[in-house]
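# Summary of structural features
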Amino acid sequence: MIALLGSTGYVGKYFAKHLADQNIDFLTLSRSDTAGYSVDSLAAKLRKERVDFLICAAGFTGKPNVDACEIQKSECIDGNAVLPGFLSRVAADVGIRWGHVSSGCIYNGESPSKDGFKETDAPNFSFRTNNCSFYSGTKALGEEVLADDRNCFVWRLRIPFSNVDSPRNYLSKLMRYDRLLEARNSLSNLDDYVRACLKCVTGSVPTGVYNLTNPGSVTTRQVVEKMLELGVAKGDFSFFDDEAAFMISAAKTPRSNCVLNSQKAVDAGLEMPDVLDSIERSLQNWQSECEKK
Ligand SMILES: NC(=O)C1=CN([C@@H]2O[C@H](COP(=O)(O)OP(=O)(O)OC[C@H]3O[C@@H](n4cnc5c(N)ncnc54)[C@H](OP(=O)(O)O)[C@@H]3O)[C@@H](O)[C@H]2O)C=CC1
Ligand SMILES: Cc1cn([C@H]2C[C@H](O)[C@@H](COP(=O)(O)OP(=O)(O)O[C@H]3O[C@@H](C)C(=O)[C@@H](O)[C@H]3O)O2)c(=O)[nH]c1=O
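Please read all numbers here as calculations on a predicted model, not as lab measurements.

Okay, helix α11 (residues 275-284) next. Each α-helix turn comprises 3.6 residues. Residues three or four places apart therefore point the same way. The set of residues buried in α11 consists of Val275, Ser278, Ile279, Ser282 and Leu283. In a view along the axis of α11, the buried residues occupy a sector of 135°, so they form one face of it. As for α11, its buried residues are in contact with β6 (160-161), α6 (170-176), β9 (188-189), α7 (190-202), β11 (218-219) and α8 (220-229). The N-cap of α11, judged by a side-chain oxygen 3.0 Å from the amide nitrogen of Leu276 a few residues on, is Asp274.

See below:
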């Protein structure tokens, strides 16, 4: 039995869908269920339900985007730094492995080696480097808390997208923002990401940190060109002159722009399709909000 936290959220819903599709038994836990739980009482509940793997897709991201975390700091620390530490103690008490949804947005800019940030590179967009958004700082803290947890998978997701239109989907965001920031990034297709995470649950992948981004990287302009080419978006896209202009008019806190190296995941059998191919497939199967209704 698997316990899934955060199943009500954007990422958690994909976990719930894929677990159901793969006929894997799972139960969901919300804050409303776990409020007031101590390590002992949650551990006892997991034992009683015969839970043998815990997935944490809970956390605090801010809505509509990470700018909101600059105001909701307490919730952000709770969800991203305190919760992982609590769950680590619960999983250790029960003696089970578990997986934590982390973020690649703990890095920014050029990586030390030319082929992207590796799992062994220390976060450079964190409170320790004193240059980050509040959100990224708490995500890096969450990973720091888990650094010695040998039972834990840290699954790094980055700028998620899929074929399903949503205010949280990167492709939808690009279609809706008035002006766009040109940047090169690694991205994660949410379906590919969850499939890779579930391989860790059911297979013999060693625990540890994994960059679960689709191999390669894309620029904003490349993604927009694909949307126009496939007829998913029409019209002109307008771009900010530079990051400074973006910061003045559209953002309250800096964004992480970076390329991650996904070779460790590939070597562990967690390969995901190439990023441009995955974007193309999502756009070819695009399900707009009005079609969903
Ligand atoms: N969306 C994105 O762009 C990315 C997200 N991530 C990470 O994925 C995780 C989920 O994000 P996402 O699904 O987008 O977020 P959502 O806000 O959509 O969902 C998160 C869920 O977590 C639970 N939750 C929220 N705050 C807390 C808290 N303080 N303590 C405990 N549980 C809380 C809630 O579920 P309930 O009320 O049922 O308990 C909520 O539905 C986060 O850890 C985030 O950092 C990583 C990279 C990118
Ligand atoms: C606000 C805004 C953003 N952008 C760009 C910046 C960035 O590259 C991309 C997404 O920016 P947003 O502000 O929408 O999203 P943001 O909240 O920064 O997204 C992040 O959320 C957290 C939870 C993560 O962990 C990250 O992986 C990432 O998905 O869109 C524009 O082009 N125009 C805009 O007006």
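With that out of the way, let us pick up the side chain of Ser282. When you line up the elements, Ser282 lands in helix α11. Sequence-distant contacts of Ser282, that is, excluding residues within four places in its chain, are made with Phe161, Ser162, Asn163, Leu171 and Asn189.

Moving on, we get to the site of ligand 1. Taken together, 24 residues form the shell around ligand 1, and within it Thr8, Ser30, Arg31, Tyr135 and Lys139 come nearest. Tyr10 is positioned with one of its backbone polar atoms (N or O) 2.9 Å from an oxygen atom of ligand 1. The side chain of Ser30 places a nitrogen or oxygen atom 2.5 Å from an oxygen atom of ligand 1. Protein contact buries 87% of the 880 Å² of open area that ligand 1 shows by itself. Among the elements of the structure, α1 (10-21), α4 (73-94), β4 (97-103) and α5 (134-145) are those that each provide at least two residues to the shell around ligand 1. Counting residues per element, the shell around ligand 1 draws most heavily on α4, which supplies four residues.

Bringing the state of the cysteines into the picture now. A covalent bond between the sulfur atoms of two cysteines is what we call a disulfide. By the definition in use, this model includes zero disulfides. Considering cysteine sulfurs only, Cys56 is the nearest to Cys152, which forms no disulfide, with 9.1 Å between them. No disulfide involves Cys200; its nearest neighbouring cysteine sulfur is the one of Cys197, lying 6.2 Å away. Classification of Cys200 as buried rests on a relative accessible area of 0%.

Moving on to the UniProt feature "domain: RmlD-like substrate binding" (unreviewed entry) in the protein. According to UniProt, the "domain: RmlD-like substrate binding" (unreviewed entry) feature falls on residues 2-194. Helix makes up 37% of residues 2-194 and strand 17%, whereas the separation of the span's terminal C-alpha atoms amounts to 14 Å.

Our focus in this paragraph is the pattern of salt bridges. Pairing is possible between side chains that carry opposite charge, provided their charged atoms lie close to one another. All chains considered together, the criterion is met by 12 salt bridges. Linking Glu49 and Lys45 is a salt bridge whose minimum nitrogen-to-oxygen distance equals 3.8 Å. The class of Glu49 is partly exposed, set by a relative accessible area of 33%. Salt-bridge contacts for Asp192 lead to Arg195; the nearest nitrogen and oxygen are separated by 3.1 Å.

A few words now on the layout of surface pockets. Reported here for the second largest pocket is a volume of approximately 360 Å³. Along its surface, the second largest pocket is lined by 24 residues, and Glu143, Glu144, Leu146, Ala147 and Val209 are the ones closest to its centre. Element by element, the count of residues in the lining of the second largest pocket is highest for α5, at five residues. Among the residues forming the lining of the second largest pocket, the class breakdown is 11 nonpolar, five polar and eight charged.

Around ligand 2, a shell composed of 19 residues is seen, among which Tyr135, Tyr177, Arg179, Leu181 and Arg255 lie nearest. Contacts to ligand 2 include Tyr177, whose side-chain N or O atom sits 2.5 Å from an oxygen atom. Contact distances for ligand 2 include 2.8 Å between an oxygen atom and a backbone N or O atom of Leu181. Burial of ligand 2 by the protein amounts to 90% of the accessible area it has alone, namely 690 Å². Contributing elements (two or more residues each) for the shell around ligand 2: α6 and β7 (179-180). Taken together, the residues of the shell around ligand 2 sort by class into 12 nonpolar, three polar and four charged.

About the thresholds
- Residues numbered from 1 in each chain as written.
- Chains lettered and ligands numbered in written order.
- Predicted model: local features only at pLDDT ≥ 70, side-chain atom pairs only at ≥ 80, totals over all residues.
- Heavy atoms only, no water.
- Buried < 20%, exposed > 50% of the residue type's maximum accessible area, 1.4 Å probe, protein only.
- Helix = DSSP H or I, 4+ residues; strand = E, 2+ residues; numbered from the N terminus.
- Arc of directions from axis to C-beta.
- Contact = heavy atoms within 4.5 Å.
- Polar contact = N/O pair within 3.5 Å; in protein donor to acceptor, adjacent residues only side chain to side chain.
- Near = heavy atom within 4 Å.
- Areas by Shrake-Rupley, 256 points an atom, 1.4 Å probe, with all protein chains shown as cover.
- Disulfide = S-S within 2.5 Å.
- UniProt positions renumbered as here; feature names shortened; annotations may be inferred.
- Salt bridge = Lys/Arg side-chain N within 4 Å of Asp/Glu carboxyl O.
- 1 Å grid on protein atoms, 1.4 Å probe; cavity = no way out; pocket = protein on both sides within 12 Å on 5 of 7 lines; lining within 4 Å.
- Points joined across faces, edges and corners; volume = space filled by probe spheres on them.
- Nonpolar A, V, L, I, M, F, W, Y, C, P; charged D, E, K, R; others polar.

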